[in-house]
Amino acid sequence: MNCFFGLLPTQIAQETRKMSLQQELAVWGRLPEQNIKNYLYFLYICPMPEKKRRKFGKTELYQRNMQSLVKALLWLANDSSQSEASVQVEWVSDHQMKVTGEYKKRTETGEKVFKGTTKLALWQLVEKTGNHLEIPSRQREGFSINLIKRQAEVVQNALYYLEDLRILKDERPENLKNKPYWIFTLTLKHKNASVEENLSVIQQKLDWEMSSPVMPPSSSLSRFQSLIAEKIEGFVGREYVFK
């Protein structure tokens, strides 16, 4: 549903872009009251179109899984003797850690090497460190059936969650983002920081996400009405001030 009727906010912006303050206010004074309402609605109420976001779990279980995965990657980065081809970790800057790997697969033309790590390799890495990733109870039904798929889904959720928090950046080329091989960087505190200090970045992001105010939909109308009452009073009649 279109948020506007009458003059569009973009048209108002185009008209006033190169004007002085006095000229701009004079334009506002000549605008019909309804057009001002439209513009204010655009600024304060109408949501901007967003890229469709992935759906993934955000409960405490998924938060623990996310931290366990990063902890395992930090462990591997601090102990290169444990490195394997399937998961390769290195600090590429003071704050960014790159995760990749090599995966060999037999094809009709022979053995082929793919760049990137896999979700199964990441699951196994966490287990290697003595930690574990938790499978949600709803997924444990029929646990023996397709266990590998359930493990992959748990790791995928952790990767999506880290990406949503702006900690993970997918470094794969666009044409390879639908492939099962992952290459990504994690932005953390510092390569010389302790594991706990680097993990604290995740907790800070989670705390910030939980404390960010979200306006309930039911309050939108009353908020809009109060803004209109306040702003219209200031705009209407300015044509007479700058004659």
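All residue numbers here refer to positions counted from 1 along the written sequence of the relevant chain. It should be noted that, the model being predicted, local features are given only for residues of pLDDT at least 70 and side-chain atom pairs only at 80 or more, the latter also being counted only at that level, while totals for whole chains, interfaces and linings use all residues. Side-chain numbers here rest on the full set of heavy atoms in the structure, without hydrogens or water.

**Quick notes on helix α7 (residues 147-164)**
An α-helix turns once every 3.6 residues. As a result, residues three or four positions apart point the same way.
Item 1. Helix numbers and strand numbers start at the N terminus; a helix is a DSSP run of H or I with at least 4 residues, a strand a run of E with at least 2. Here the expected length of a helix is defined as 1.5 Å per residue gap, with one fewer gap than residues. For α7, spanning 18 residues, the distance from its first C-alpha to its last is 26 Å, which sits close to the expected 26 Å at 1.5 Å a residue.
Item 2. Burial in α7 covers these residues: R150, Q151, A152, V154, V155, N157, A158, L159, Y160, Y161, L162 and D164.
Item 3. Just beyond α7, the residue with positive phi is R166, at close to 65°. Only protein chains enter the accessibility calculation, which uses a 1.4 Å probe; a residue whose area is less than 20% of its type maximum is buried, one above 50% is exposed, and one in between is partly exposed.

**Re the environment of W91**
Item 1. Position of W91 relative to the elements: it lies in strand β1 (residues 88-91).
Item 2. Residue classification places W91 among the buried positions, given a relative accessible area of 18%.
Item 3. A sequence separation of 99 residues divides W91 from H190, and the C-alpha atoms of the two residues are 9.2 Å apart.
Item 4. With residues up to four places along the chain from it excluded, the contact list for W91 reads L74, A77, Q96, M97, L188, H190, K191 and N198. The criterion used for residue contact is that any of the two residues' heavy atoms lie within 4.5 Å.

**Describing the pattern of salt bridges**
Item 1. Between Lys or Arg on one side and Asp or Glu on the other, a salt bridge is scored when a side-chain nitrogen of the former is within 4 Å of a carboxyl oxygen of the latter. Tallied over the full model, the rule gives seven salt bridges.
Item 2. Among the salt bridges present, the one from E102 reaches K115, with a minimum N-O distance of 3.1 Å. Taken together, the residues span a long stretch of sequence, with E102 in strand β3 (residues 102-107) and K115 in strand β4 (residues 110-115) at a distance of 13 residues.
Item 3. Its relative accessible area of 55% is what places K115 among the exposed residues.

**Some remarks on the sheet that holds β1**
Item 1. Following DSSP output, two strands are said to pair if at least two bridges run between them. The four strands are arranged β1-β2-β6-β5 in an open sheet whose pairing can be described as antiparallel. Edge positions in the sheet fall to β1 and β5 (168-170), since each of these pairs with one other strand and no more. Going across the sheet, the axis of each strand differs from the next one's by a mean of 20°, ignoring polarity.
Item 2. The pairing of β5 with strand β6 (residues 184-187) spans three bridges and is classified as antiparallel. In the strand pairing of β6, D170 is matched with F184.
Item 3. Along the sheet face, α7 touches β5 and β6 and points at about 105° away from the line of β5. Comment: axis = line fitted to C-alpha atoms, over the contacting stretch for helices; angle = value between 0 and 180 degrees taken between N-to-C directions.

**Points about the packing of aromatic side chains**
Item 1. Stacked, edge-to-face and tilted labels apply to pairs of Phe, Tyr and Trp rings (six-membered ring for Trp) whose centres lie within 6.5 Å, assigned for plane angles under 30 degrees, over 60, and everything in between, in that order. This structure, assessed with the given rule, holds five aromatic pairs.
Item 2. Judged by centre distance (5.4 Å) and plane angle (50°), the ring pair of F56 and Y161 falls under tilted. Linking F56 in the loop between α3 (33-44) and α4 (60-78) with Y161 in helix α7, this pair joins segments that are 105 residues apart in sequence.
Item 3. In this structure Y161 comes out as buried when scored by relative accessible area, which is 1%.
Item 4. Ring geometry for W182 and F184: centres 6.4 Å apart, planes at 80°, overall edge-to-face. A single burial state applies to W182 and to F184, both of which are buried.
Item 5. Feature note: the residues Y103, F114 and Y181 constitute an aromatic cluster, connected by ring pairs.
Item 6. Sitting over a ring, as applied to charges here, requires NZ of Lys or CZ of Arg to be within 6 Å of the ring centre and within 35 degrees of the ring normal. R172 extends its terminal NZ or CZ atom over the ring of W182, reaching a point 4.1 Å from the ring centre.

**So, the confidence of the model for the protein**
Item 1. Confidence of the predictor in every single residue is expressed as pLDDT, which spans 0 to 100. Overall, the predicted model of the protein reaches an average pLDDT of 76, with 61% of residues at or above 70.
Item 2. Mean pLDDT per element in the protein: helix α1 (residues 9-16) is the minimum at 51, and β6 is the maximum at 97.
Item 3. Residue range residues 44-49 is modelled with pLDDT below 50. Its contacts to residues more than four positions away, or to other chains, number 10 contacts.
Item 4. Here residues 235-243 is modelled with pLDDT under 50, and outside its nearest four sequence neighbours on either side it reaches 11 contacts, counting other chains as well.

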